[in-house]
Amino acid sequence: MEKFFMIKGGYIITMDSKMNVYKDYTLVISGNTIVDILSNDTAESKYANVEVFTAKDKVILPGLINTHLHTNLIRGFGDDSALYQWHKEVAEAVRRTITPEETYLGALVGYAEAIKSGTTTVLALEKNSEKCYQAAQETGIRARLTPYILDFEDCADTIELNLAYVKKTASPEERVRFWFGFDSFREASPEMIREIVALAKKYETGLHTHSNESVDDVLLCRKRYHKDPIIHLYELGVLSERTVLAHCVHLTKEEKTLMQQTKTKIAHCPTSNIKLSDGAAPIVEYLFQDICVGLGTDGANTKGNYDLFEEMKFAVLLQRIVQKRADALTAPEILKMATIGGAEVLGLSKEIGSLEKGKKADICIMYLRKLHCLPFDPEEGSILISHLVFSANGADVDTVIINGKIVMTNRILQTIDEQKLLFDANEAGKHLIARLKLKGMNFK
């Protein structure tokens, strides 16, 4: 017998094609799927004696989708470095020092933090990706994992490992699946990239990497290969509708045309780009050219946290500065980028990204009855959308449901012991910092 579960609202911000917002409505879930959206009164008569989750005075929206993330065990240093200096002095030093167990704890921290701030799906480019897979399974997050493959002998992640996990997670019903990928053209030879591209095509998976993150990126590619990065990747077969490139801050006209023609997707990470002084990706222009763009946080070392609500606000404000127009990017547009737009980037728009019948029950429930979100019960849905982008933050998330399972309620994680994780990760982080200090890293 089919078992139903109801979320009785409140407001429902569907993010469907009509951007419908419903007041005093109910979501009905069966298993991992949304099966009905109807008024509270109708729901009570149609679904009698059904378990009810009460979301009175709360806002129900699709779980947010982070299209570019790295998890970290430690943060709070390297704050004043540009990208290449940061890679050399921070990222590489940590990569060569961190243990697999420390990576696992960092992944637990990152995925748990993402869930607590309303994110239900991540595209994560990870070191020691086997351990990150374990963490994703345990936290309950929906994930697409890409190993951080480098053309270095001491790299923990290899093409062979990537292939093994693509096969292991091949079923479309898997909540955590692997994609193919590599760090960037900087650390991957053309031969390695061609091999990875061939595998992604053979197994019909997504492909993820970084590109054109900074001016230094562009200059290095021109010096090494005598061409711009997107041209280089295009000639190696990287660009396709299954490919997501992180950043793409500096693209030439020719590169933008190639991105459009190949339907290659972009993960926009404005806060990280600002902090590393990379520049501002012209995403308004990309959207106008029908280039699909999602929102990402990047790693906590460069972003500071995994809060996509904060990222939405930064993205809107940055584009208004760049374009010198107050309407350059609006609240509804950026909320779309963080939900159904992110699903489109990951090729999952038929499954997640909006609250509609037949889609997976990936849901974020916000409690906005707070001083910074007044009025919290307006008649106009547009006011709520404005609150979500300009006033709310991840700490306003009350409950998160992923694949039909409640993974957080009343801000308490249901899948892992958060207090134990806080202690274990904090101790491990201090030990890692001590070893980095012995190797000469300066934390001032």
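Our subject in this report is the structure included herewith. (Residues numbered from 1 in each chain as written. Predicted model: local features only at pLDDT ≥ 70, side-chain atom pairs only at ≥ 80, totals over all residues. Heavy atoms only, no water.)

Our focus in this paragraph is the environment of Glu 173. On the secondary structure map, Glu 173 appears in the loop between α5 (159-168) and β9 (176-178). Using a relative accessible area of 57% as the deciding quantity, one classes Glu 173 as exposed. Apart from the residues within four sequence positions on either side, Glu 173 is in contact with Asn 32 and Lys 360. (Helix = DSSP H or I, 4+ residues; strand = E, 2+ residues; numbered from the N terminus. Buried < 20%, exposed > 50% of the residue type's maximum accessible area, 1.4 Å probe, protein only. Contact = heavy atoms within 4.5 Å.)

Another point: the pairing of strand β8 (residues 142-147). Note on strand geometry: in a regular strand, side chains alternate between the two faces of the sheet. Counting buried positions along β8 gives 6 out of 6 residues, so the element sits mostly inside the fold. What you see with β8 is no split at all: Arg 142, Arg 144 and Thr 146 on one side and Ala 143, Leu 145 and Pro 147 on the other are buried throughout. Note: strand β7 (residues 119-126) against β8, 6 bridges, orientation parallel. Among the inter-strand pairings, Leu 125 is bridged to a residue of β8, identified as Thr 146. Remark: the β7/helix α4 (residues 129-139)/β8 crossover connection has right-handed handedness. (Pairing = 2+ DSSP bridges. Right-handed = clockwise from strand over helix to strand, strands pointing away.)

To continue, consider the sheet that holds β7. Spatially, 4 strands are ordered β6-β7-β8-β9 in an open sheet, and the strand pairing comes out parallel. Pairing within the sheet leaves two strands with one partner each, and these edge strands are β6 (64-69) and β9. Direction aside, the axes of adjacent strands within the sheet are offset by 15° on average. (Axes fitted to C-alpha atoms, helices over the stretch in contact; angles between N-to-C directions.)

Turning our eyes to something else, we now look at the environment of His 208. The residue His 208 is located in strand β11 (residues 207-211) in this model. For the pair His 208 and Phe 180, spaced 28 residues apart in sequence, the C-alpha to C-alpha distance is 6.7 Å. In contact with His 208, not counting residues within four places along its chain, are Thr 67, His 68, Leu 123, Leu 125, Thr 146, Trp 179, Phe 180, Gly 181, Phe 182, Val 244 and Ala 246.

Looking now at the nonpolar core. Core analysis: the largest hydrophobic core is formed by 108 residues, its most contacted members being Tyr 111 and Met 366. Considering every element that reaches this core, the biggest residue donor is helix α3 (residues 100-116), with 9 residues. Those residues in contact with Tyr 111 that sit more than four places away from it in its chain are Leu 69, Thr 71, Val 122, Ala 124, Glu 126, Cys 132, Ala 135, Ala 136, Thr 139, Ile 141 and Leu 145. Residues Phe 5, Ile 29, Ile 60 and Ala 361 belong to the second largest nonpolar core, which totals 15 residues. (Core = buried A, V, L, I, M, F, W, Y, C linked by side-chain atoms within 4.5 Å.)

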